[in-house]
Amino acid sequence: MKWQMPIGVDNFFDIRSKHYYFVDKTDFIRQLIDGHSAVTLITRPRRFGKTLTLSMLEYFFSIEKEVQSRHLFDGLAIDRAGADYMAQRGQYPVIFMSFKGMQQDTWPGMFQSFRLWIQREFNKYEFLLQGNLLNEVEKNAFHRIVWQQATPEEYQLSLLNLSEYLFRYYRVKPIILIDEYDTPLQTAYSHGFYDQAIAYFRTFFNNTLKGNEFLNFAILTGVLRIAKESIFSGLNNLDVYSVMDEEYSSVMGFTTAEVEKMAGDLQADALLPRLKAWYDGYRFGHHEIYNPWSVISCFAKRRIGDYWVNTSANEIIATLLQGPSKRQEERLLALLQGKTVSAVIREGLIYQDIRMDKDALYTLLLTTGYLTAVWRQDIPNGMLCQLKIPNEEVRHVFQSEILDRFCADGDVSRLYIMMGHLLHGQADIFSEELQQFILQLVSVYDVANKESFYHGFMLGMTALFLGKDYTVESNRESGYGRFDLAIIPRDVAKAGVIMEFKVAASEADMAAKAKEALQQIEEREYVTEFRRRGIHQVWKYGIAFCGKKILAFQGPMC
């Protein structure tokens, strides 16, 4: 069978009725029927299937979609679970709202968007106005919502009231599904009206979910777990399941078995090794998880690419790079080299902490999918975690954001060309290109008699560009001393690079200092580390700096 891949399709009816490829996640329905909280929030990175999951729940439980859903679940996990579970299909009124589109850059614009979404939901139920189900006061309030004449306070009570009206009509308590609950708050934070948005939506969510006697249960999804004190104040019947929790850990995203089955069904097994390197690497609970958006896109196009990272702006990485400290630069370097960094993760996020508290920033990086936890230990009020970049695709977004900082003129190609000259022993051209970047990027105050600055600058540059195919090491013992910087290829057939840096007191002394650095490489036999790893071709560079000037001498390849 020739399958269509559901790129951007998040309506369950379309997926099933139009024969898109569907990874069966309907066991989630069984789990909810077996036992659920009054209010459940599941947080996952963007494009991990949150909207499709809630659409699936809507089509299963909705009493109004009973006819449409009659055969949608045939042969799926929930169908195989037995008749008792399938008897729950089409038995409940369902209120389903998505906040995904509430990304307006002013509070009036966002509030108008919210009103339109509430109006849209009420329009579905205009039949409630017939007869005497509602009294005149309630009918008038209903009309004000539909005609967009309601007060802000009436909108805050709207879903609470709608729950009661639906219960009266069906004599069954409704289910409430809210997708991307935190999108308005993320947007408000970015555009400077967070306090206004959080105050308004706090009341809305508490009215809808706290003490709603007409609520059966509610499922919310989002990217972030915003601190309960900020948004769900006093809501004691809320359970949150994040990427760190075991329960519901495989409901969104693809497991290894699911990806392998998909590859077999699509006759694309040859893609599996690269799929793993590029899109695997997430840990949700104890499950190994692939990015579903990227996997589907890759199977559709039959080629590896940067799919997930190109679906929206990556403002969080830019936040990480704003005025990084020395410690922060070291952490970034470690991440780019495939190493881990330690951070305390406290999942109840308070936005105001992000720029002041680096641990809060790493919490954000974890929950949004830019990092994943490979180890954790519970500590008071949080978790001590070892974090790493999950896969090659996410490593690319770190690289691209850092490159944007290096290349104010957008000329990224020059940096790649410069690194090519370095790796091929073209010292004169390399030093000319590096000279231009130092003139463009570096302040004279940064470089004043600071060998450590040049060392760190070169370490960051080389790790950024060469970290995939090379190991970049600094200040490591080799032979009879410690080299400044070594670029060690993972493929032993390729040439390596050894670099020694010196700071000259004047431009006139630069040639002597470069020769001194080159002589040090020879005398202290820094190539020993390369020989130990089976690498027999090594370019040797002695590099002298003076202010914003650079001079590189190249020794013979050995």
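Data block above holds the structure.
Please read all numbers here as calculations on a predicted model, not as lab measurements.

**A look at the sheet that holds strand β11 (residues 382-388)**
So, point 1. Read from one edge of the open sheet, three strands run β9-β11-β10, paired in antiparallel fashion. Every interior strand has two partners, whereas the edge strands, β9 (341-345) and β10 (372-379), have only one. Along the sheet, successive strands turn relative to each other by an average axial angle of 25 degrees, direction set aside.

**A few points about the pairing of β11**
So, point 1. Taken together, the five bridges between β9 and β11 define a ladder with antiparallel strand orientation. Bridging from a neighbouring strand, Ser342 pairs with Gln386 of β11.
So, point 2. Summarising the sheet, β10 and β11 pair through seven bridges and their orientation is antiparallel. The partner of Arg376 across the bridge, within β11, is Cys385.
So, point 3. The antiparallel hairpin formed by β10 and β11 contains two residues in its connecting segment, where Asn381 sits at a positive phi of about 65 degrees.

**Here's the deal with helix α20 (residues 412-423)**
So, point 1. In this model α20 runs 17 Å from its N-terminal to its C-terminal C-alpha over twelve residues, within 8% of the 16 Å that 1.5 Å per residue would give.
So, point 2. The complete set of buried residues in α20 reads Leu415, Met418, Met419, His421, Leu422 and Leu423.
So, point 3. Within two residues after α20, Gly425 carries a phi angle of roughly 70 degrees, on the positive side.

**A short note on the sheet that holds strand β12 (residues 470-478)**
So, point 1. Strands sit in the order β12-β13-β14-β15-β16 across an open sheet of five strands; the sheet is mixed. The two strands at the open ends of the sheet, each matched to only one other strand, are β12 and β16 (549-555). Between one strand axis and the next, the sheet turns through 25 degrees on average, direction left out of account.
So, point 2. As paired strands, strand β13 (residues 481-489) and strand β14 (residues 496-503) are joined by three bridges and run antiparallel to one another. Paired with Ala486 across the two strands is Ile498, which belongs to β14.
So, point 3. Along the sheet, helix α24 (residues 510-523) makes contact with β14, β15 (538-546) and β16, crossing β15 at roughly 145 degrees.

**Describing the side chain of Ser242**
So, point 1. The residue Ser242 is located in the loop between β5 (238-241) and β6 (254-255) in this model.
So, point 2. With sequence-adjacent residues up to four places away left out, Ser242 is seen in contact with Thr43, Arg44 and Glu347.

**Side note on the nonpolar core**
So, point 1. Formed by 85 residues in total, the largest nonpolar core has its most connected members in Leu275, Phe299, Leu387 and Met499.
So, point 2. Per-element accounting of this core gives the leading share, nine residues, to helix α23 (residues 451-466).
So, point 3. Judged by nonpolar contacts, the second largest core, of 52 residues, contains Val39, Ile118, Leu166 and Phe193.

**A word on the packing of aromatic side chains**
So, point 1. Inspection of the entire model under this criterion finds 45 aromatic pairs.
So, point 2. Both rings, one in Phe48 and one in Tyr282, keep their centres 5.3 Å apart while their planes meet at 85 degrees; by these two values the pair is edge-to-face. Taken together, the positions of Phe48 in the loop between β1 (39-43) and α3 (50-61) and Tyr282 in strand β7 (residues 282-284) put the pair 234 residues apart, joining distant regions of the chain.
So, point 3. Among the aromatic side chains, those forming a connected cluster through ring pairs are Phe99, Trp107, Phe111, Phe114, Tyr155, Tyr181, Phe193, Tyr200, Phe201, Phe204, Phe205 and Phe232.
So, point 4. Its end group placed over the ring of Trp293, Arg47 keeps NZ or CZ at 4.2 Å from the ring centre.
So, point 5. Directly above the aromatic system of Tyr362 lies the positively charged group of Arg331, at a separation of 4.7 Å from the ring centroid.

**Notes on the packing of helix α10 (residues 183-191) against helix α11 (residues 194-209)**
So, point 1. One way to put it is that α10 packs onto α11 with a least axis distance of 8 Å and a crossing angle of 160 degrees. Here α10 lies roughly antiparallel to α11, going by the angle between them. Of the residues in α11, those in contact with Pro184, Leu185, Ala188 and Tyr189 of α10 are Tyr194, Ala197, Ile198 and Phe201.
So, point 2. Of the residues that constitute the contact of α10 with α11, the class distribution is eight nonpolar, no polar and no charged.

Calculation notes
- Residues numbered from 1 in each chain as written.
- Predicted model: local features only at pLDDT ≥ 70, side-chain atom pairs only at ≥ 80, totals over all residues.
- Heavy atoms only, no water.
- Pairing = 2+ DSSP bridges.
- Helix = DSSP H or I, 4+ residues; strand = E, 2+ residues; numbered from the N terminus.
- Axes fitted to C-alpha atoms, helices over the stretch in contact; angles between N-to-C directions.
- Expected span 1.5 Å × (residues − 1).
- Buried < 20%, exposed > 50% of the residue type's maximum accessible area, 1.4 Å probe, protein only.
- Contact = heavy atoms within 4.5 Å.
- Core = buried A, V, L, I, M, F, W, Y, C linked by side-chain atoms within 4.5 Å.
- Phe/Tyr/Trp six-rings, centres within 6.5 Å; stacked < 30°, edge-to-face > 60°.
- Lys NZ or Arg CZ within 6 Å of the ring centre and 35° of its normal.
- Parallel < 35°, antiparallel > 145°, perpendicular 65-115°, else oblique.
- Nonpolar A, V, L, I, M, F, W, Y, C, P; charged D, E, K, R; others polar.

Note that all results are geometric; they support no functional claim without further evidence.
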